[in-house]
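A closer look at the structure
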Amino acid sequence: MSIKNPRKIVIMKIFNLNAKQFIGRPIEEVFGFFSRPENLVEITPAKLHFKILTPSPVEMKQGAVIDYTIQLAKVPIHWRSLITTYEPPFKFVDEQIKGPYSFWHHTHMFKEVPDGVEIYDEVHYSIPFGPLGSLLHSLWIKKDLNHIFEYRKGVIDDLFKEEGYRKFLPNSFTEKAS
């Protein structure tokens, strides 16, 4: 009698995306804005038709699961993220547990600096479909992800410059300001 080994070794090409941004506001307010998944609607390009499915307000904490949909080439994609690290006001990590990538690990870091906060985004991701996925990455996906992060940077700059971000903070922040 022979027993077949059901384990399959999968080798994935891991890609990286890094972004950095300065915001001239207190770290608690900056982190407060970014730790509300509902705010992703405001900073995501409209062409992605981003919609959060998890009922609001979403409680951000380690272990939180957030469901949403996006559209890629007009095809709706269900994306589920797990918050694997939550260390306010300095860091949180979301990992895709269902969605378009074979692997997605996004670290959001916030560092107090003179006159404000530096935000660092570090994303490690892998594309399905082997060599075809790598080709799609070089032709489209890498450029699209860079465009999404550049778009977010512009929207965030505008929101924080004009104090428009305040309406997107948790109630505890808006009550302090009044």
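The following paragraphs examine the structure supplied in this document. (Residues numbered from 1 in each chain as written. Predicted model: local features only at pLDDT ≥ 70, side-chain atom pairs only at ≥ 80, totals over all residues. Heavy atoms only, no water.)

Turning next to the sheet that holds strand β2 (residues 51–52). What the seven strands build is an open sheet, ordered β1-β7-β6-β5-β4-β3-β2; its pairing is antiparallel. Every interior strand has two partners, whereas the edge strands, β1 (15–23) and β2, have only one. Strands in contact with helix α1 (residues 27–34) are β1, β4 (75–87), β5 (91–98), β6 (103–113) and β7 (116–126); relative to β6, the strand with the most contacts, it is inclined by about 160°. Sheet strands touched by helix α3 (residues 130–161): β1, β6 and β7. Its angle to β1, the strand with the most contacts, is close to 10°. (Pairing = 2+ DSSP bridges. Helix = DSSP H or I, 4+ residues; strand = E, 2+ residues; numbered from the N terminus. Contact = heavy atoms within 4.5 Å. Axes fitted to C-alpha atoms, helices over the stretch in contact; angles between N-to-C directions.)

Counting residues in each nonpolar core, the largest one holds 40 residues, and the members touching the most others are F34, F110, Y125 and F160. For this core, the elements supplying multiple residues, two or more each, are β1, α1, β3 (65–72), β4, β6, β7 and α3. Among the elements that line this core, the one with the most residues is α3, at eight residues. (Core = buried A, V, L, I, M, F, W, Y, C linked by side-chain atoms within 4.5 Å. Buried < 20%, exposed > 50% of the residue type's maximum accessible area, 1.4 Å probe, protein only.)

What follows concerns the pattern of salt bridges. Overall, the coordinates contain seven salt bridges when judged by the stated rule. The residue E59 makes a salt bridge to K61 at a minimum N-O spacing of 3.8 Å. Residue classification places K61 among the partly exposed residues on the basis of a relative accessible area of 40%. Note that D67 is salt-bridged to R80, the shortest N-O span being 2.6 Å. Separated by 13 residues along the polypeptide, D67 in strand β3 and R80 in strand β4 bring together distant segments of the chain. (Salt bridge = Lys/Arg side-chain N within 4 Å of Asp/Glu carboxyl O.)

Relative to the elements of secondary structure, I83 occurs in strand β4. The exposure class of I83 is buried, given its relative accessible area of 3%. As for I83 and H105, which are separated by 22 residues in sequence, their C-alpha atoms are 9.9 Å apart. Dropping the residues within four chain positions of it, I83 is found in contact with M60, K61, Q62, G63, A64, I66, V93 and D94.

Take the packing of aromatic side chains next. Within the structure shown, the criterion is met by 15 aromatic pairs. Judged by centre distance (5.3 Å) and plane angle (90°), the rings of W79 and W104 are edge-to-face. Of this pair, W79 sits in strand β4 while W104 sits in strand β6, and the two are 25 residues apart along the sequence. For the pair formed by W79 and W104, the shared burial category is buried. (Phe/Tyr/Trp six-rings, centres within 6.5 Å; stacked < 30°, edge-to-face > 60°.)

What follows concerns α3. A turn of α-helix holds 3.6 residues, and therefore any two residues three or four places apart point the same way. Considering bend angle alone, the principal kink of α3 is centred on H137 and spans about 60°. Taken together, the buried positions of α3 are occupied by G133, H137, I141, D144, L145, I148, F149, R152, V155, I156, L159 and F160. At its buried positions, α3 is contacted by β1, α1, α2 (40–43), β6 and β7. (Bend = angle between axes of the 7 residues up to and from the residue.)

In this chain, S56 is followed by P57 through a cis amide linkage whose omega measures -5°. Its location among the elements puts P57 in the loop between β2 and β3. Geometrically, the link from P88 to P89 is a cis peptide bond, its omega value of -5° lying close to zero. Counting through the fold element by element, P89 comes out in the loop between β4 and β5. For H49, which is not glycine, the phi dihedral falls at a positive 50°. Turning to its location among the elements, H49 is positioned in the loop between α2 and β2. You will see that D115, though not glycine, has its phi angle at about 70°, which is positive. Mapped onto the secondary structure, D115 falls in the loop between β6 and β7. Looking at D115, the relative accessible area reads 72%, which means it is exposed.

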